[in-house]
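# Chains, contacts and geometry: an overview
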Amino acid sequence: VNCNPQEFIAKAKANDFAGAVETITRNNPMGQTCGLICPDKFCMQACTRAGIDFPINIPRVQATILEKYRTAETAAHPKLPANGKKVAVIGAGPAGIAATAELSRLGYRITLFESFEKIGGALNLIPDKRLPFEVIAKDWSFIFNRDFITLYLTTKIGSPSDLFSQGFDGVIVATGEPNVTDLGIPGQEYAVSYMEYLHHPSKYETKGRVAVIGG
């Protein structure tokens, strides 16, 4: 997403933390969430410090800058005046949140529909020890602007095309993939889907050996 580690680290070293925050969130509204969950092997493999001593833990630096120095003044609220256009976004996972953030910056009024009782989509399947929900909520709090964004939770949309007759100029469907693939083998009815398990891990106490199919 064109997030420049060299730029935001250089600004942080110069005590320009507001500039570092702006650099991170310029193209990535979920910067703190990504800092906690992105695989570090990609950016850290490219870190030039690796040839001197050891690579910088770029994702952790990114998450820490946003945790400590992001404020209302540096939040990614709309930069342009309202343009008179309304867009419906279906699904408040990462794609829906990113679309909402970008379009609201451009002056669109967004109505965001989510069928679950909280935002995050598939992010909510990541164990809390790695991604506490409060981090998702923090990223969202700096995106949300009540003048441009309306959020409806526990609201399913049956037919996206019907939204055009309700005055929306555009519709973005960002619902993800809610279904899991059957194995097509005898005994599959005894297996638990990854989605069911990650939604409700406490329901499935395990002991002995466990087989996981799919890497």
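Residues numbered from 1 in each chain as written. Predicted model: local features only at pLDDT ≥ 70, side-chain atom pairs only at ≥ 80, totals over all residues. Heavy atoms only, no water.

### Quick look at the packing of helix α2 (residues 17-25) against helix α5 (residues 58-69)
Note the cut-off: Axis definition: a line fitted to C-alpha atoms, limited for helices to the stretch in contact. Angles are taken between N-to-C directions and run from 0 to 180 degrees. Helix numbers and strand numbers start at the N terminus; a helix is a DSSP run of H or I with at least 4 residues, a strand a run of E with at least 2. Small angles under 35 degrees read as roughly parallel and large ones over 145 as roughly antiparallel, with 65 to 115 read as roughly perpendicular and the rest as oblique. Should the near helix be turned anticlockwise from the far one by less than a right angle, the crossing is left-handed, and should it be turned clockwise, the crossing is right-handed. The criterion used for residue contact is that any of the two residues' heavy atoms lie within 4.5 Å.
At a closest axis distance of 10 Å, the pairing of α2 and α5 adopts a crossing angle of 120 degrees. In terms of orientation, α2 and α5 fall into the oblique class. The handedness of the crossing between α2 and α5 comes out as left-handed. For the pair α2 and α5, contact is made by F17, A20, V21, I24 and T25 and by Q62, I65, L66 and Y69, respectively.

### As for helix α7 (residues 133-141)
Each α-helix turn comprises 3.6 residues. Residues three or four places apart therefore point the same way. The test is simple: Only protein chains enter the accessibility calculation, which uses a 1.4 Å probe; a residue is then buried when its area is under 20% of its type maximum, exposed when over 50%, and partly exposed in between. Read the arc as the range of directions from the helix axis to the C-beta atoms.
Among all positions of α7, only V135, I136, D139 and W140 are buried. Angular distribution of buried residues about the axis of α7 spans 140 degrees; they occupy a single face of the element. Where α7 is buried, its residues meet α3 (31-37), α6 (94-105), β2 (109-113) and β3 (149-152).

### Re the sheet that holds β2
Here is the rule: Whether two strands pair depends on DSSP finding at least two bridges between them.
Strand order in this open sheet of 4 strands is β3-β2-β1-β4, and the pairing throughout is parallel. Every interior strand has two partners, whereas the edge strands, β3 and β4 (170-173), have only one. For this sheet, the mean inter-axis angle between neighbouring strands, taken without regard to orientation, is 15 degrees. Strand direction decides the pairing type here: strand β1 (residues 86-90) and β2, joined by 5 bridges, are parallel. Looking across to β2, one finds that I90 is bridged to F113. Contacting β1, β2, β3 and β4, α6 crosses the sheet at an angle of about 170 degrees to β2.

### Notes on a nonpolar patch on the surface
Which entries qualify depends on this criterion: Only residues whose relative accessible area exceeds 30% and that form no salt bridge enter a patch; like-charged residues are grouped when within 9 Å of one another, and nonpolar side chains (Val, Leu, Ile, Met, Phe, Trp, Tyr) when within 5 Å. Reported accessibility uses the Shrake-Rupley method at a 1.4 Å probe radius. Residues are deemed covered only where the shown protein chains occlude them. Throughout this description, the term salt bridge denotes a Lys or Arg side-chain nitrogen within 4 Å of a carboxyl oxygen of Asp or Glu.
On the surface, a nonpolar cluster with roughly 420 Å² of combined accessible area is contributed by V180, V192, Y194, Y197 and L198. By secondary structure assignment, the location of V192 is in the loop between β4 and α8 (194-199).

### A word on the pattern of salt bridges
On inspection of all chains with the given rule, the structure shows 8 salt bridges. Taking the shortest distance from any N to any O, the salt bridge between K138 and E67 comes out at 2.8 Å. One end of the pair, K138, is in helix α7; the other, E67, is in helix α5, and 71 residues separate them in sequence. Relative accessible area serves as the criterion here: at 39%, E67 is assigned to the partly exposed category.

### Here's the deal with the environment of F168
For F168, the position within the fold is in the loop between β3 and β4. Placed 59 residues apart in sequence, F168 and R109 show a C-alpha to C-alpha distance of 9.5 Å. Here F168 is in contact with K86, V87, A88, T111, F113 and L163, once residues within four sequence places are set aside.

### Details of the packing of aromatic side chains
We apply this condition: Any two of the Phe, Tyr and Trp rings considered here, Trp counted by its six-membered ring, make a pair once their centres fall within 6.5 Å; the pair's planes then place it as stacked at under 30 degrees, edge-to-face at over 60, or tilted in between.
Considering all chains together, one arrives at 5 aromatic pairs under this definition. Aromatic pair F113 and F168: ring centres 6.5 Å apart, planes at 75 degrees, arrangement edge-to-face. Of the two residues, F113 sits in strand β2 while F168 sits in the loop between β3 and β4, which places them 55 residues apart along the sequence. Its relative accessible area of 9% is what places F113 among the buried residues. Each ring, one from W140 and one from F144, has its centre 5.7 Å from the other, and the planes form 35 degrees; the classification is tilted. F144 sits in the partly exposed class, given a relative accessible area of 23%.

### A few points about the nonpolar core
The line we're drawing: The nonpolar core is taken to be a set of buried Ala, Val, Leu, Ile, Met, Phe, Trp, Tyr and Cys residues, with the residues joined through side-chain atoms within 4.5 Å.
Residues L131, W140 and I143 are the most contacted members of the largest nonpolar core, which totals 21 residues. Mapped by element, the contributors of at least two residues to this core are α3, β1, α6, β2 and α7. Once residues within four sequence positions are removed from consideration, W140 is found in contact with I97, T100, L112, I119, I149 and L151.

### Some points on the packing of helix α1 (residues 5-13) against α2
Taken N-terminus to C-terminus, the directions of α1 and α2 make an angle of 165 degrees; their axes are 7 Å apart at the nearest point. As judged from the angle between their axes, α1 and α2 are roughly antiparallel. The crossing of α1 and α2 is left-handed. On α2, the residues that touch E7, F8, K11 and A12 of α1 are F17, G19, A20, T23 and I24.

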